[in-house]
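# Coordinates in review
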Amino acid sequence: MSISSIWNTIYPILIAVLFFELIIIVHEGGHYVAARLMKIKVNEFSIGMGPKVFQFTRKDTKYTLRWILFGGFCSMEGEDQESDDTNAFVNKKVWQRIFVVVAGAIMNLVLGFVIVLIIVASQNLVGTTQIAKFDESVVSVQSGLQTGDVIKSIDGMRVYTTNDVSTGLTRSPDDTVDMVVIRDGKEEKLSVTFLTEEYEGTQYITMDFWLKGVPKTFANVISQSFKETMSYARMVFLSLHDLLTGRYGISDLSGPVGTVSVVSTAVKTSIFSVLRIMALLTINIGLFNLFPIPALDGWRLFVLIGEGITRKKLPQKAEYLINAIGLVVLLGLMCVVTFSDITKLF
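Residues numbered from 1 in each chain as written. Predicted model: local features only at pLDDT ≥ 70, side-chain atom pairs only at ≥ 80, totals over all residues. Heavy atoms only, no water.

### Thoughts on the overall build of the protein
In terms of regular secondary structure, the protein is built from 8 helices and 10 strands. Per-residue burial over the protein gives 38% buried out of 346 residues. Long-range contacts, defined as pairs at least 24 residues apart, comprise 64% of the intrachain contacts of the protein with a sequence gap of at least 6. Per element, the accessible surface of the protein, about 19500 Å² overall, is 64% carbon and sulfur. (Helix = DSSP H or I, 4+ residues; strand = E, 2+ residues; numbered from the N terminus. Buried < 20%, exposed > 50% of the residue type's maximum accessible area, 1.4 Å probe, protein only. Contact = heavy atoms within 4.5 Å. Areas by Shrake-Rupley, 256 points an atom, 1.4 Å probe, with all protein chains shown as cover.)

Below, the structure written as structure tokens:
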């Protein structure tokens, strides 16, 4: 195997790992900046995990680079234990602690919006949900779909962006979807049948029409970027719903290995493919971290809200035990998903 072929195999993986690390740095950076604003002492801010590459100290904070660029952390004084330091996390007001806890997720969402904004601003046109034309091998027109129709909903799911149209059609369990379209200013309800194609044993609808694009303006680029960000966020909740209802199983989940594999494949396609995946990933991580699951930021947020309402702190031993159990469960799930990822690769 030549050096160039080895490099062509390795560089997409390296780029994928760096992108993934960027998402983590932004998340932990959100906690760090919020802690500084609230005058909370930060003991260490680390990029990466494992053994140290190098470290320096500034204003009582250790800044560390570690060998494994697949993680990171912002360690605050009094974060997981009692402290006599007035600037410890545990000794700050509830609203200050809440601000620090949610800052990481907020920064992930902001990063997602920025990535989507770059994608939309780089396009020649801004997409709409209006049908511009049909393919030659069109089937959907036989169900009454027409050029000029503005798609409002698919199978009851409200449609705002071109991405929503793709998501709605992909989620259909068969070749027929219920559509609501706006035609001549009036709503029309249609039952539309499409051709399907098989991918990895699953049938998916083939979209046989093109959606209209309009010239870019500052206003519609910002508006479309916001809508696309909300669209990605909704995909996170739709995926969770599908997982809980049994539509997808644990084997359909992807962990770090699967994620790197997907991103590295996208690197070989185009930068915009990578950016779309990265936007979905950072929004996914931001929202998932806010779920009230022990060991995640969302659980700490839940506890802090409870403290704010009852004026009573959850006993430290109880919180530690709950977080420890949650961490074990999450690590166990991560091991199962990672094993599934590796199995799929080979």
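### Quick look at the nonpolar core
With 23 residues, the main nonpolar core has Ile 115, Val 263, Val 274 and Met 278 as its most contacted residues. Elements with a minimum of two residues in this core: α1 (3–37), α2 (94–122), α4 (218–244), α5 (256–267) and α6 (271–288). (Core = buried A, V, L, I, M, F, W, Y, C linked by side-chain atoms within 4.5 Å.)

### Some remarks on the packing of α2 against α6
Where α2 meets α6, the closest approach of the two axes is 8 Å, and the angle between their N-to-C directions is 155 degrees. By the angle between their directions, the pair α2 and α6 is classed as roughly antiparallel. Judged by the twist between their axes, the crossing of α2 over α6 is left-handed. Of α6, the residues touching α2 (which contributes Ala 105, Asn 108, Leu 109, Leu 111, Gly 112, Ile 115, Val 116, Ile 118, Ile 119 and Ser 122) are Phe 272, Leu 275, Arg 276, Met 278, Ala 279, Thr 282, Ile 283, Ile 285, Gly 286 and Leu 287. (Axes fitted to C-alpha atoms, helices over the stretch in contact; angles between N-to-C directions. Parallel < 35°, antiparallel > 145°, perpendicular 65-115°, else oblique. Left-handed = near helix turned anticlockwise from the far one by under 90°.)

### Quick notes on unusual backbone geometry
Of note, the phi angle at Lys 59 is positive, near 50 degrees, even though the residue is not glycine. Tracing the backbone shows Lys 59 in the loop between β1 (42–58) and β2 (61–76). Despite not being glycine, Asp 155 has its phi angle at roughly 50 degrees, a positive value. Judged by its relative accessible area of 36%, Asp 155 falls in the partly exposed class.

### Looking at the confidence of the model for the protein
In low-pLDDT regions, the fine details of the predicted coordinates are not to be read closely. For the protein, per-residue confidence averages 86 on the pLDDT scale, and 90% of positions sit at 70 or higher. Per-element confidence in the protein ranges from a low mean pLDDT of 70 for α5 to a high of 95 for α2. (pLDDT = per-residue confidence, 0-100.)

### Quick notes on the environment of Phe 54
Looking at the element boundaries, Phe 54 is found in strand β1. Not counting residues within four places of it along the chain, the set of residues in contact with Phe 54 comprises Tyr 63, Thr 64 and Leu 65.

### Some remarks on the pattern of salt bridges
Opposite charge on two side chains allows them to pair when their charged atoms are near. A full pass over the atoms with the stated rule returns 6 salt bridges. We note a salt bridge from Arg 300 to Glu 79, for which the minimum N-O separation is 3.3 Å. Of this pair, Arg 300 sits in helix α7 (residues 297–310) while Glu 79 sits in the loop between β2 and α2, and the two are 221 residues apart along the sequence. Among the salt bridges present, the one from Arg 97 reaches Glu 307, with a minimum N-O distance of 2.7 Å. Of this pair, Arg 97 sits in helix α2 while Glu 307 is found in helix α7, placing the two residues 210 residues apart along the sequence. You can call Arg 97 buried: its relative accessible area is 6%. (Salt bridge = Lys/Arg side-chain N within 4 Å of Asp/Glu carboxyl O.)

### Quick look at α4
In this model, α4 (27 residues) spans 40 Å end to end at C-alpha, consistent with the 39 Å of a helix rising 1.5 Å per residue. Burial in α4 covers these residues: Asn 220, Val 221, Gln 224, Ser 225, Glu 228, Thr 229, Ser 231, Tyr 232, Ala 233, Val 236, Leu 238 and Asp 242. Contact partners of the buried residues in α4: α2, β3 (125–134), β5 (157–158), α3 (162–170), β10 (209–215) and α6. (Expected span 1.5 Å × (residues − 1).)

### Describing the pairing of strand β7 (residues 186–193)
Consecutive side chains along a regular strand alternate between the two faces of the sheet. Direction of pairing for strand β6 (residues 176–183) relative to β7: antiparallel, over a ladder of 8 bridges. Directly across from Ile 182, in β7, lies its bridge partner Glu 187. Connecting the antiparallel pair β6 and β7 is a turn made up of 2 residues, with Asp 184 showing a positive phi of about 55 degrees. (Pairing = 2+ DSSP bridges.)

### Concerning a nonpolar patch on the surface
Judged by side-chain polarity, Met 49, Val 53, Phe 54, Phe 56, Trp 67 and Ile 68 come together as a nonpolar surface patch covering roughly 620 Å² of accessible area. Of all the elements in the fold, those that place two or more residues in the nonpolar patch are β1 and β2. Here the element with the most residues in the nonpolar patch is β1; it accounts for 4 residues. One can find Phe 56 in strand β1. (Patch = residues over 30% accessible without salt bridge, like charges linked within 9 Å, V, L, I, M, F, W, Y side chains within 5 Å.)

### As for the packing of aromatic side chains
Following the criterion strictly, the structure yields 9 aromatic pairs and no others. Taken together, the ring pairs connect Tyr 32, Phe 45, Phe 56 and Tyr 63 into an aromatic cluster. Between the NZ or CZ atom of Lys 133 and the centre of the ring of Trp 210, over which it lies, the distance is 5.4 Å. (Phe/Tyr/Trp six-rings, centres within 6.5 Å; stacked < 30°, edge-to-face > 60°. Lys NZ or Arg CZ within 6 Å of the ring centre and 35° of its normal.)

### Focus on α6
Given a rise of 1.5 Å per residue, 18 residues ought to cover 26 Å, and the 25 Å separating the end C-alpha atoms of α6 matches this to within 8%. For α6, the complete set of buried residues consists of Val 274, Leu 275, Met 278, Ala 279, Leu 281, Thr 282, Ile 283, Gly 286 and Leu 287.

### A closer look at the pairing of strand β4 (residues 150–154)
With 4 bridges joining them, β4 and β6 adopt antiparallel strand pairing. Among the inter-strand pairings, Ser 153 is bridged to a residue of β6, identified as Val 180. The hairpin formed by β4 and β5 contains 2 residues between the paired strands, and Asp 155 there has a positive phi angle of roughly 50 degrees.

### Here we look at a negative patch on the surface
A surface patch of negative charge is lined by Asp 155, Asp 174, Asp 175 and Asp 178. Looking at where Asp 174 falls in the secondary structure, it is placed in the loop between α3 and β6. (Lys, Arg positive; Asp, Glu negative; His and termini not counted. Charge placed at Lys NZ, Arg CZ, Asp CG, Glu CD.)

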